[in-house]
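# Descriptive analysis of the structure
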Amino acid sequence: MKLLTITTLRHHLHLSPLSPSFPWFGMDIGGTLVKLVYFEPKDITAEEEQEEVENLKSIRRYLTSNTAYGKTGIRDVHLQLQDLTLCGRTGNLHFIRFPTHDLPAFLQMGRNKHFSSLHTTLCATGGGAYKFESDFRTMADLQLHKLDELDCLIRGVLYIDSVVSSGPSECYYFENPTEPDRCVQKPYTLENPYPLLLVNIGSGVSILAVYSENNYKRVTGTSLGGGTFLGLCCLLTGCSTFEEALEMASLGESTRVDKLVRDIYGGDYERFGLPGWAVASSFGNMMSKEKRESVSKEDLARATLVTITNNIGSITRMCALNENIERVVFVGNFLRVNTLSMKLLAYAMDYWSKGQLKALFLRHEGYFGAVGALLELLHPS
Amino acid sequence: MAFNGHQRDDDTVDEDETPTKQPRSNKEMPGYFRSEPGSEAAAPAGRATPDRRSSNATARHRSDSVKKTRPPFPWFGMDIGGTLVKLVYFEPKDITAEEEQEEVENLKSIRRYLTSNTAYGKTGIRDVHLQLQDLTLCGRTGNLHFIRFPTHDLPAFLQMGRNKHFSSLHTTLCATGGGAYKFESDFRTMADLQLHKLDELDCLIRGVLYIDSVVSSGPSECYYFENPTEPDRCVQKPYTLENPYPLLLVNIGSGVSILAVYSENNYKRVTGTSLGGGTFLGLCCLLTGCSTFEEALEMASLGESTRVDKLVRDIYGGDYERFGLPGWAVASSFGNMMSKEKRESVSKEDLARATLVTITNNIGSITRMCALNENIERVVFVGNFLRVNTLSMKLLAYAMDYWSKGQLKALFLRHEGYFGAVGALLELLHPS
C-alpha cells in the first residue's frame, strides 16, 4: 500500500516512476518466429484498477483469456510462470509466439487497440527489431527500443534459471543418452554456470562462450539451423509446418537415406574410431535412383532432422573443445517439442567426447531473448 | 617449381633407389621431405632423386639388378570410395623388345585396353588431361593414367578382371578406401584376386606429397585463386607447395575428412563431417530430379541461391553489425523454403545452387575452425567433390580469405580425387 501511494504521488508529480508504466512486454522478432513475453500484474489495487485506461485493460484481458490469437498466435500456457516478482510487482509471466510472417497483423492489432496511446516503451530484440522498426512507427505509431539479441538471450537465460523455484526445473539433461530404453529426462542445477557454451538454434545457429554475466563472446555460428530443417522438409516431403515435419521425422528411418560408414567399409572404420553405424555421407544413398524410389517421405524428414542436428552437434563439440568448456546449453525453438533432436544432441555430445561433454536444455527454449528484452525495460543496463 | 627431380642429371645419383649419401627412407620421397643428418631444414640442393629420368639401355640393364625388388607388371593403385573407384595405372614406355616378347598375352591386352580407350563400358572414364608423361617409377619410365568409375559398377570391373584372367598375372593389387575392406571377399570370389588393403588417409597423404613433387612440366599441380572476393578479377594462379608443413588437408569425397599434417609421417585426423559430396549429389537428385554430378553442377551454375536461403538482411534488414555479419551472409540455409509462396517461385537451378552453396560453406566453416584450433594457415582441398567444380573452389577460396580476414589460404591440387590411388600404387612399389 505504502509503495503504491508513493508511486501514485510520484506519478502525480510527474516524476519518472520507479518502474515503467504498464503494459510490460519483451519482444524478440526472429527470422521465423516472434516471441513475446507479457507480464500480467496480479497485485492490482482497486485504486489502480479504477485509473487503468480502457485499452490497457482490454489488452490484459485479451492476452490472458485466450491461448490462441488469430490464426497463428499461440500462448504456451505450460511455460507460464506464476507469482513472479518483477520490479516490486507480483504477477504471471506469459509466453506467446507467432510467425514473423504475421507481424503485419500484429501491428494492425496494436493500431486498433491504440497501443501507442499508452506511451510505453516497447523493448524489442532480434533482427526484426531493426528490419521492422519503421513498420512499427508507420503502422502502429510505436517506437521500438532496439536491443542486441545475444545480450538479451544471455540475460534471459540467467534470469529465468534463477527465478524458477517451483514446478519443473528449468534446466535438465538426459541420463543414459546412449541407451534409448533407459534414456530419461533429469533436472539439473545450473549453479556456478560459468564457463558455459550456449548454443541458440533458431532459423540459424549462434554459439556463444559465456564466461560471466557480462562477459561472453560469439564463438561462431552456422547457417544450417531450424530454418534449414523446415525448409528442406517442406521441399522434400510436401509438409508445411514444423509440427508436421517433426511428426514425419518421428516415423522415418534415416539410415535408408544416409550412407553409413558400414555402407562404405562393410563395417567399422576402426583406424579412426568410426563405428559402422556412423553416418559417412548424409543423404549419400540418394544419388541412386533405386534407393530414391525406395525411401518414404518420413525417411527423408528423419534424415533431414538427423543431418541438421548432428551437424550442429559436431560444430558444437569442436567449439567446446577449443574453448575448453564442458557444459553446453542448447536453446532455441528448433528444440521446441523436438525430443528427437534433443536426445540426438545429448547422445552426440556424450559419445564423441567420451563422456566429457554434457548437453543441457532449458524449458523456456526460444523465449530467452524476449525475456532479456523485458528485463532491459525494467532494469535498464 | 622449386624442386624438379626429373631434370637433374646428377652423376652422384645411383641407378637404384638408394641414394649413397642419405639415409634410406622407407617411403621413396624426394629428398626435401626427408630430414637429413646435420640438416634440419629442407635444402633444395644436393637432394637425392631416386625417381629419375633414364632412357638409355645401359641404365636399364644396370637396373635389372634390382628387378627382383620390383613387383611384376601391371602396376595399379586402387581407391574404392563411397561413390567412385579411382584407379591409377602405370603404363611402361621403356619396354625392350626382349621384354615385349616375354610379355604374357593378357598383360599386353590389359595395357592396350587401358591406353587405347578413354571410356570403358558405360561409366568408366580416363582423365587424359591428368595423365603424367615420362614418369620414372622404380627404375621404369612410363605414363601414369588416371581412371575412374562408379563404385556401383565394381561388379562389372571384377567380371572384366575375371575375363582377362587378371589373377593369373599374380600381381599384388594394392587397394585403399572403404571398398577395399567391403569388397575384399568379392575380389576373391569373383576375380580370384587378393587385395593388399591400405588405410585411405595414409595413402591420401602419401599420394599428395608424391604427386606434388613430381609434376615438373605442364600446369602446376598446386594452385590457388587470386582475388577470390572479386568475381571479375578472380584468377587461378600456380602455387609452390614447398615447406608444406604444417598443412590442413581437407578431403571432400562422399563425406569429408580433415587432417592436420605435421610432417611426412606425422598427421592426425582432426575431424570430419558427413555433409560432403554425397550430400550435395543426393539432395540435388531429390530436389531437382537430376541424376549425375555433372547435371547437378550445370543446374547449380544457372541458379540463384539467395532466393532459397534466408540471408542476414532478410532478418535484420541489413547487416548484423554487432557481430560482423554482413547482410549478404546466409543466416539460414534453405530458410526461405518454409514459405509456400517462395517454394513456388524458385527454380530447380536455384535449389541446386543453394545445395551447393550450403554444403560448400558448411565445409568451409568447419575447416576454418579447425585451421584456427590447429594454428595452421594453409589449407589444401582435395577430393572429387571439387572435380569440374570451380564454383565450390571459388566459394571455398572466398570463405577462407574473407572470414579469416586474409589469414588463411585455400589451395587446390589438379589431381583432386586420385591421391589415395596414387598412394596405394606407391605402397606397391615402395612398401612402407
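Definitions and cut-offs
Here, residues in each chain are numbered from 1, in the same order as that chain's written sequence. All chains are assigned letters beginning at A, and all ligands numbers beginning at 1, according to the order in which they are written. Local features in a predicted model are, by the rule used here, given only for residues with pLDDT of at least 70; side-chain atom pairs are given and counted only at 80 or more, and totals for whole chains, interfaces and linings are based on all residues. In computing side-chain values, all of the structure's heavy atoms are included and hydrogens and water are not. Helix and strand assignments come from DSSP, with helices taken as H or I runs of at least 4 residues and strands as E runs of at least 2, each series counted from the N terminus. For the exposure calls, accessible area comes from a 1.4 Å probe over protein chains only, and a residue counts as buried if that area is under 20% of its type's maximum, exposed if over 50%, partly exposed in between. Pairing of N or O atoms within 3.5 Å defines a polar contact, subject to two protein rules: one partner must be a possible hydrogen donor and the other a possible acceptor, and residues neighboring in sequence count only if both atoms are side-chain atoms. Only strands joined by at least two bridges in the DSSP assignment are considered to pair. Angles shown run from 0 to 180 degrees and are taken between the N-to-C directions of axes, each axis being a line fitted to C-alpha atoms and, for helices, limited to the stretch in contact. Any two residues whose heavy atoms approach within 4.5 Å are treated as being in contact. As used here, buried area is the combined drop in accessible area, with a 1.4 Å probe, of two parts when they are placed together. In what follows, salt bridge is the name for a side-chain nitrogen of Lys or Arg lying within 4 Å of a carboxyl oxygen of Asp or Glu. As a working rule, the residues Ala, Val, Leu, Ile, Met, Phe, Trp, Tyr, Cys and Pro are called nonpolar, Asp, Glu, Lys and Arg charged, and the rest polar, with Gly in that last group. Note on terminology: angles under 35 degrees are roughly parallel, angles over 145 are roughly antiparallel, angles of 65 to 115 are roughly perpendicular, and the others are oblique. The source of the domain bounds is an automatic or database domain assignment. Summary of the metric used: pLDDT quantifies the predictor's per-residue confidence within the range 0 to 100. Grouping buried Ala, Val, Leu, Ile, Met, Phe, Trp, Tyr and Cys residues that are joined through side-chain atoms within 4.5 Å yields what is termed a nonpolar core. Only Phe, Tyr and Trp rings are paired, with Trp represented by its six-membered ring, and only when their centres lie within 6.5 Å; those with planes under 30 degrees apart are stacked, over 60 edge-to-face, the remainder tilted.

## Let's talk about the side chain of Thr273(B)
Residue and element names in this part refer to chain B. Of note, threonine 273 is situated in strand β13 (residues 266-273). Since its relative accessible area comes to 9%, threonine 273 is described here as buried. At 3.1 Å, the side chain of threonine 273 forms a polar contact with the backbone nitrogen of leucine 275.

## Observations regarding the sheet that holds strand β13 (residues 215-222) of chain A
Residue and element names in this part refer to chain A. On the basis of which strands lie adjacent, the open sheet formed by seven strands has the order β10-β9-β17-β16-β11-β12-β13 and mixed pairing. In this open sheet, the two edge strands, each paired with only one partner strand, are β10 (184-187) and β13. Neighbour-to-neighbour, the strand axes of this sheet turn through a mean angle of 30°, independent of strand direction. Pairing of strand β12 (residues 205-212) with β13 involves seven bridges; the strand directions are antiparallel. Bridging across to β13, serine 206 finds its partner in glycine 221. Along the sheet, helix α13 (residues 339-352) makes contact with β9 (171-175), β11 (196-201), β16 (327-331) and β17 (358-362), crossing β17 at roughly 155°.

## Focus: the interface of chain B and chain A
Each partner contributes residues to the interface: chain B has 58 residues there, and chain A has 58 residues. Counting each side, the surface lost to burial between chain B and chain A is near 4600 Å², with a carbon and sulfur contribution of 61%. When the buried surface of chain B facing chain A is broken down by residue, Leu286(B), Tyr316(B) and Met338(B) rank first, second and third, together holding 14% of it. The interface formed by chain B and chain A includes four salt bridges. One salt bridge in this structure joins Asp199(B) and Arg271(A), with 3.3 Å as the shortest N-O distance. Broken down by secondary-structure element, the contributors of at least two residues to the side of chain B that touches chain A are α5 (178-182), α7 (200-214), β13, α8 (277-288), α10 (312-316), β15 (330-332) and α12 (348-374) of chain B. A per-class count over the side of chain B that touches chain A returns 24 nonpolar, 24 polar and ten charged.

## Observations regarding the packing of helix α9 (residues 293-302) of chain B against α12(B)
Residue and element names in this part refer to chain B. Viewed as axis vectors pointing N to C, α9 and α12 meet at an angle of 100°, and their least axial separation amounts to 7 Å. With respect to each other, α9 and α12 are oriented roughly perpendicular. On α12, the residues touching Ala296, Leu297, Met299, Ala300, Ser301 and Leu302 of α9 are Lys348, Glu349, Ala352, Arg353 and Leu356. Here the residues of the contact of α9 with α12 sort into seven nonpolar, one polar and three charged.

## As for the packing of helix α9 (residues 242-251) of chain A against helix α12 (residues 297-323) of chain A
Residues and elements named next belong to chain A. Where α9 contacts α12, the axes come no closer than 7 Å and their chain directions differ by 100°. The pairing of α9 with α12 is recorded here as roughly perpendicular in orientation. Residues Ala245, Leu246, Met248, Ala249, Ser250 and Leu251 of α9 form the contact with α12, whose own contacting residues are Lys297, Glu298, Ala301, Arg302 and Leu305. Of the residues assigned to the contact of α9 with α12, the class counts are seven nonpolar, one polar and three charged.

## Overview of the domain arrangement of chain B
All names here are of chain B. Taken domain by domain, chain B holds domain 1 (70-213 + 420-429), domain 2 (222-303 + 347-413) and domain 3 (309-345). Computed over C-alpha atoms, the centres of domain 2 and domain 3 are 22 Å apart. In this assembly, domain 2 packs against domain 3 so that about 680 Å² is buried in total across both faces, 72% of it on carbon and sulfur atoms. Three residues, Thr358, Tyr402 and Trp403, lead the burial of domain 2 against domain 3; their summed loss comes to 48% of the area buried on that side. Where domain 2 touches domain 3, the interface holds zero residue pairs in polar contact (both at pLDDT 80 or more). Elements that contribute at least two residues to the side of domain 2 that touches domain 3 include exactly α12 and α13 (390-403). In terms of residues, the side of domain 2 that touches domain 3 owes the most to one element, α12, which gives five residues. Partitioned by chemical class, the residues of the side of domain 2 that touches domain 3 number seven nonpolar, three polar and no charged.

## Observations concerning the pattern of salt bridges
Counted according to the given criterion, the structure contains 34 salt bridges over all chains. Ionic pairing is found between Lys197(B) and Glu184(B), a salt bridge with its closest N-O pair at 2.9 Å. Linking Lys197(B) in strand β8 (residues 195-197) with Glu184(B) in helix α6 (residues 184-191), this pair joins segments that are 13 residues apart in sequence. For Lys197(B), a relative accessible area of 30% gives the class partly exposed. Among the charged side chains, a salt-bridge network with shared partners connects Glu49(A), Glu52(A), Lys57(A) and Arg60(A).

## Looking at the pairing of strand β6 (residues 89-99) of chain A
All names here are of chain A. Along β6, nine of the eleven residues are buried, which leaves the element largely enclosed by surrounding structure. Of the strand pairs in this sheet, strand β2 (residues 33-41) and β6 are connected by nine bridges, and their pairing is antiparallel. Paired with valine 34 across the strands is phenylalanine 98, a residue of β6. As judged from the two bridges shared by strand β4 (residues 73-75) and β6, these two strands associate in the antiparallel manner. Bridging across to β6, isoleucine 74 finds its partner in arginine 97. Both strand β5 (residues 81-86) and β6 contribute to a ladder of four bridges, which runs antiparallel. Bridge pairing in β6 links threonine 85 to threonine 90. Between β5 and the antiparallel strand that follows it, β6, lie two residues; cysteine 87 among them carries a positive phi value of about 55°.

## Considering the environment of Asn227(B)
Residues and elements named next belong to chain B. By secondary structure assignment, the location of asparagine 227 is in the loop between β9 (222-226) and β10 (235-238). In the structure, asparagine 227 is positioned 101 residues away from tryptophan 328 in sequence and 18 Å away in space, judged by C-alpha atoms. Excluding residues that lie within four positions of it along the chain, asparagine 227 makes contacts with Arg233 and Cys234. From its side chain, asparagine 227 meets the backbone oxygen of arginine 233 in a polar contact 3.3 Å long.

## Overview of the confidence of the model for chain A
On average, residues of chain A score 92 in pLDDT, and 95% of them are at 70 or above. The low-confidence segment residues 10-16 of chain A, where pLDDT is below 50, has four contacts with residues more than four positions distant or belonging to other chains.

## Describing the nonpolar core
The nonpolar side chains of soluble globular proteins are, as a tendency, buried together. Membership of the largest hydrophobic core comes to 82 residues, with the highest contact counts inside it found for Phe330(A), Phe361(A), Phe381(B) and Phe412(B). Excluding anything up to four places from it in sequence, Phe361(A) contacts Glu170(A), Cys171(A), Tyr172(A), Tyr173(A), Phe174(A), Phe330(A), Leu335(A), Met342(A), Leu345(A) and Ala346(A). Within the second largest apolar cluster, 76 residues are counted, among which are Ala278(A), Phe73(B), Leu169(B) and Val208(B).

## Focus: the environment of Pro74(B)
Residue and element names in this part refer to chain B. Secondary-structure assignment places proline 74 in the loop between α1 (57-63) and β1 (75-80). Residue classification places proline 74 among the buried positions, given a relative accessible area of 3%. Distance in space between the C-alpha atoms of proline 74 and leucine 169 is 8.2 Å, their sequence separation being 95 residues.

## Examining the packing of aromatic side chains
By the definition in use, this model includes 46 aromatic pairs over all chains. Ring geometry for Tyr265(A) and Tyr181(B): centres 5.5 Å apart, planes at 35°, overall tilted. Separated into two different chains, Tyr265(A) in helix α10 (residues 261-265) and Tyr181(B) in helix α5 make up a pair that spans both. Residue Tyr265(A) is classed as buried on the basis of its relative accessible area of 8%.

## Digging into unusual backbone geometry
In this chain, Phe22(A) is followed by Pro23(A) through a cis amide linkage whose omega measures 0°. Turning to its location among the elements, Pro23(A) is positioned in the loop between α1 (2-12) and β1 (24-29). Geometrically, the link from Phe73(B) to Pro74(B) is a cis peptide bond, its omega value of 0° lying close to zero. A positive phi is found at Val337(A), a non-glycine position, where the angle reads about 45°. Inspection of the secondary structure assignment puts Val337(A) in the loop between β16 and α13. The phi angle at Val388(B) is positive, at roughly 45°, despite the residue not being glycine.

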